[in-house]
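Letter by letter, the chains look like this.
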Amino acid sequence: MKRVLPIVYIVCSLWITACGNESAAIYPAVQLEFVTLSTDQTEEIRYLKLDKGETLRIHTDHTEQTLSSYTGKQRGVSNFVKLTEKGEKVAEVYSFTPIAALAPVPIQYTNYPENRSGAVSLQSIWLSGDYINLTLGVAPGKENSIRFIQQSMTTEEENTTVSLMLYYDNGDLFNNYSQRTYASIPLEGYKEYPSPIHIQVTILTFREGLKTYQFLYDPI
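Residues numbered from 1 in each chain as written. Predicted model: local features only at pLDDT ≥ 70, side-chain atom pairs only at ≥ 80, totals over all residues. Heavy atoms only, no water.

Turning our attention to the sheet that holds strand S10 (residues 121-128). If you trace the 3 strands from one edge of the open sheet to the other, you get S10-S11-S14, paired in antiparallel fashion. One side of each edge strand has no neighbouring strand; the edge strands of this open sheet are S10 and strand S14 (179-186). Going across the sheet, the axis of each strand differs from the next one's by a mean of 15°, ignoring polarity. One ladder, built from 8 bridges, connects strand S11 (residues 131-138) with S14; its direction is antiparallel. Pairing of Leu134 across the sheet is with Ala183, part of S14. (Pairing = 2+ DSSP bridges. Helix = DSSP H or I, 4+ residues; strand = E, 2+ residues; numbered from the N terminus. Axes fitted to C-alpha atoms, helices over the stretch in contact; angles between N-to-C directions.)

The final tally for this structure, using the stated rule, is 3 aromatic pairs. Between the aromatic rings of Phe34 and Tyr182, the centroid separation amounts to 5.6 Å while the plane-to-plane angle is 85°, which identifies the pairing as edge-to-face. Placement of the pair is Phe34 in strand S4 (residues 30-39) and Tyr182 in strand S14, with a sequence separation of 148 residues. Grouping residues by exposure puts Phe34 and Tyr182 together as buried. Both rings, one in Tyr70 and one in Phe96, keep their centres 5.7 Å apart while their planes meet at 65°; by these two values the pair is edge-to-face. Residue Tyr70 is located in the loop between strand S6 (55-61) and strand S7 (73-85), and its partner Phe96 is located in strand S8 (residues 88-98); the two are separated by 26 residues in the primary sequence. Tyr70 gets classed as buried once you look at its relative accessible area, which sits at 19%. Chaining the aromatic ring pairs together yields one cluster made of Phe34, Trp126 and Tyr182. Note that Arg75 overlies the ring of Tyr131, its terminal NZ or CZ placed 3.6 Å from the centroid. (Phe/Tyr/Trp six-rings, centres within 6.5 Å; stacked < 30°, edge-to-face > 60°. Buried < 20%, exposed > 50% of the residue type's maximum accessible area, 1.4 Å probe, protein only. Lys NZ or Arg CZ within 6 Å of the ring centre and 35° of its normal.)

Of the pockets and cavities examined, the largest pocket occupies roughly 300 Å³. Lining the largest pocket are 18 residues; nearest its centre among them are Lys49, Asp51, Gly53, Gly129 and Asp130. Elements with a minimum of two residues in the lining of the largest pocket: S4, strand S5 (46-50) and S7. Of the residues contributing to the lining of the largest pocket, the split by class is 5 nonpolar, 4 polar and 9 charged. (1 Å grid on protein atoms, 1.4 Å probe; cavity = no way out; pocket = protein on both sides within 12 Å on 5 of 7 lines; lining within 4 Å. Points joined across faces, edges and corners; volume = space filled by probe spheres on them. Nonpolar A, V, L, I, M, F, W, Y, C, P; charged D, E, K, R; others polar.)

As summarised here, the arrangement of the 5 strands in space is S9-S12-S13-S15-S16, forming an open sheet in which the pairing is mixed. Every interior strand has two partners, whereas the edge strands, strand S9 (105-106) and strand S16 (209-217), have only one. Bridging between strand S12 (residues 146-156) and strand S13 (residues 159-168) involves 10 bridges; their strand directions are antiparallel. Its bridge partner being in S13, Gln150 is matched across the sheet by Leu164.

With that out of the way, let us pick up the pattern of salt bridges. It is possible for side chains of opposite charge to pair when their charged atoms get near one another. As enumerated under the stated definition, the model contains 7 salt bridges in all. With a shortest N-O distance of 2.9 Å, Arg75 and Asp51 are connected by a salt bridge. Here Arg75 is found in strand S7, whereas its partner Asp51 is found in the loop between S5 and S6, with 24 residues between them in sequence. A salt bridge links Glu208 to Lys211; the shortest N-O distance between them is 3.6 Å. Residue classification places Glu208 among the exposed residues on the basis of a relative accessible area of 54%. Taken together, the shared-partner salt bridges connect Arg57, Glu85 and Glu88 into one network. (Salt bridge = Lys/Arg side-chain N within 4 Å of Asp/Glu carboxyl O.)

Any functional reading would require information that these geometric values do not contain.
This is the structure we're talking about:
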């Protein structure tokens, strides 16, 4: 059974109103979502791929060249507006923040000390498309010290179970969870195995100690 914290998905709509002396301009609703930024072969045209499979060509970029610094594929959190131009779904992007999205590494190929992860403040975790997304509280400046370790993987009678663990190096900054950060666990590497795939994610949390969350990943 999939377990999800109360906040199951970060999607918000903001209505922004600017008032002048004689008139007011109303701006469209802005979505905040986990997305995957990608470029075409020329690296000139950029797209936002949403977790549910929809791909939007970036029509307008308001990030002051932030998007243009990325090529290939980059996971992130974005504020954008979905529009339709000549029958095509496009995106007007207002912000893009890159996030950690490293594929899990089998434990035998890591040098991380087992069971020595620092604790995090887990605010939400959920399965969305080919990712498990997380919202975390971490120590300031330590958001890039998050890794995911594959502790085990078993396949029996067409049933695959993958056990993952979040490893967090808090730099000995104990009891400091003031910085919010986001992370995603890419699951595409497990598509070759029999599905649906049972995914277990174990996290050392500040308030409740070790917690394991279970998801059923059924890639299309």
